[in-house]
Amino acid sequence: MPTILVLGGTTEASALAAMLAARADDAVLSYAGRVASPKVQPIPVRVGGFGGVDGLASYLREHGVTHLVDATHPFAARMSANAVTAATRAGVAHIALTRPAWAPVAGDRWTRVADIESAVAALAGPARRVMLALGRMHVDAFGAQPQHEYLLRFVDAPDHPPGLPRHHLVVDRGPFDVEGDRRLMAAHGIEVVVCKNAGGTGAQAKLRAARALGLSMIMIDRPVLPDRLEVQAAEDVLRWIDHGADRGV
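Counting from 1, residues in each chain are numbered in the order their sequence is written. Only residues with pLDDT of at least 70 are given local features in this predicted model, and only at 80 or more are side-chain atom pairs given and counted; all residues enter the totals for whole chains, interfaces and linings. The basis for the side-chain values is all heavy atoms of the structure; hydrogens and waters are excluded.

J.: Where do I start with unusual backbone geometry in this structure?
T.: Leaving glycine aside, a negative phi is the common case for residues, and trans is the common case for peptide bonds. Backbone geometry at alanine 24 places phi at a positive 60°, although glycine is not the residue there. Labels follow the DSSP assignment, with helices taken as runs of H or I lasting at least four residues and strands as runs of E lasting at least two, numbered in each case from the N terminus. Structurally, alanine 24 is set in the loop between α1 (11–22) and β2 (26–31).

Here it is in structure tokens:
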């Protein structure tokens, strides 16, 4: 019988966890621990890091993991790279459950940039009202452009105030809808939205809201990751588990 470790924190990971529970598979879902109150899951959950590649490889061996599923956020680059290397070291079958990236459509006003630093640089110039729709990890970097009025939206209240001299913080948990995001942006007079190309459907309300309001968007491209087997549906992960996945990458 397979023993499965799912690296989670996404809607895709939760969907997969529900399917694994329905089949009574031996599976554990791992959270990085950045959210104070993660969603209750139907399979056992562990919270916290592994201690890098060596720690993850040791966990895989010690717990007899046969299948490693990386269903982390598309921007969890270090964790995803560690998963590839650790699975290879431990001789564990490995797959990534990803979501398709977004692409601009008619009416979008995107400026695509490579990373957070490039997004900060793209905000040089006169003061504007900016929505940072990218979580809390990288918010302080935008302190390098203090002239703007920033709108932030976090899942949990932060332990310390963000390092931005002019900001308004909204604490709220999704899923969000287009009309709600449109009202939020309009109420704060937002002129530009900064976000990561997370892809999928769960977080695209802000894209559609920005399009409806004719706002500019600074879209941060996904990081480059090592070669790995990728699928875009939880059902494909189950088929991979059931049909003798090759070990290694």
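J.: Got a minute to help me understand the sheet that holds strand β3 (residues 45–47) in this structure?
T.: Hydrogen bonds between backbone atoms are what pair the strands of a sheet, whose relative direction is either parallel or antiparallel. Whether two strands pair comes down to DSSP finding at least two bridges between them. What the six strands build is an open sheet, ordered β3-β2-β1-β4-β5-β12; its pairing is parallel. The outermost strands of the open sheet, each flanked by one partner alone, are β3 and β12 (230–231). In this fold helix α2 (residues 52–62) packs onto β1 (3–7), β2, β3 and β4 (67–70), with an angle of close to 150° to the strand it touches most, β1. Any two residues whose heavy atoms approach within 4.5 Å are treated as being in contact. To define axes, lines are fitted to C-alpha atoms, for helices over the stretch in contact only, and angles between the resulting N-to-C directions are given on a 0 to 180 degree scale. Strands in contact with helix α3 (residues 77–90) are β1, β4 and β5 (93–97); relative to β4, the strand with the most contacts, it is inclined by about 165°.

J.: Quick question: what am I supposed to make of helix α7 (residues 234–242) here?
T.: In an α-helix there are 3.6 residues to a turn, and that puts residues three or four apart on one side. Three exposure classes are used, based on accessible area relative to the maximum for each residue type with a 1.4 Å probe and protein chains only: buried under 20%, partly exposed in between, and exposed over 50%. Within the span of α7, buried status applies to Ala234, Val237, Leu238, Trp240 and Ile241. Down the axis of α7, the smallest arc covering the buried residues is 160°, so these residues share one side. Residues of α7 that are buried sit in contact with β1, α1, β4, β5 and β12. The directions considered for the arc are those from the helix axis to the C-beta atoms.

J.: How do you make sense of the side chain of aspartate 70 when you look at a structure like this?
T.: Following the sequence through the fold, aspartate 70 ends up in strand β4. Using a relative accessible area of 2% as the deciding quantity, one classes aspartate 70 as buried. For this analysis, a polar contact is any N or O atom pair within 3.5 Å, provided that within protein one partner can donate a hydrogen and the other can accept it, and provided that sequence-adjacent residues contribute only side-chain to side-chain pairs. One polar contact links aspartate 70 to serine 80, side chain to side chain, over a distance of 2.7 Å. Excluding its chain neighbours within four sequence positions, the residues that come into contact with aspartate 70 are Leu7, Ser80, Ala83, His94, Ile95, Ala96, Leu97 and Arg228.

J.: Would you explain the packing of aromatic side chains in this entry?
T.: Given two aromatic rings, one states the distance between the centres and the angle between the planes to describe the pair. Each Phe, Tyr or Trp ring, with Trp reduced to its six-membered ring, pairs with another whose centre is within 6.5 Å; inter-plane angles below 30 degrees give stacked pairs, above 60 give edge-to-face pairs, and intermediate values give tilted ones. Tallied over the entire structure, the rule returns two aromatic pairs. When the centroid spacing of 5.2 Å and the interplanar angle of 75° are considered together, the rings of phenylalanine 50 and tyrosine 59 count as edge-to-face. The exposure class assigned to phenylalanine 50 is buried, which follows from its relative accessible area of 14%. Here the aromatic rings of phenylalanine 142 and tyrosine 150 are separated by 6.4 Å at their centres, their planes lie at 65°, and the arrangement is edge-to-face. A relative accessible area of 0% places phenylalanine 142 in the buried class. In our convention, an over-ring charge means Lys NZ or Arg CZ found within 6 Å of a ring centre and within 35 degrees of that ring's normal. Directly above the aromatic system of tyrosine 59 lies the positively charged group of arginine 46, at a separation of 5.4 Å from the ring centroid.

J.: What is the right way to look at the pairing of β5 in this model?
T.: In the case of a regular strand, side chains alternate between the two sheet surfaces. β5 sits mainly inside the fold: five of its five residues count as buried. Alternating positions in β5 separate into two faces, Ala93, Ile95 and Leu97 on one and His94 and Ala96 on the other, with burial throughout. One ladder, built from four bridges, connects β4 with β5; its direction is parallel. By the bridge assignment, aspartate 70 is partnered in β5 with alanine 96. Here β5 pairs with β12 via two bridges, running parallel. Within β12, the residue paired with alanine 96 across the bridge is glutamate 230.

The values reported here are purely geometric and, on their own, carry no functional implication.
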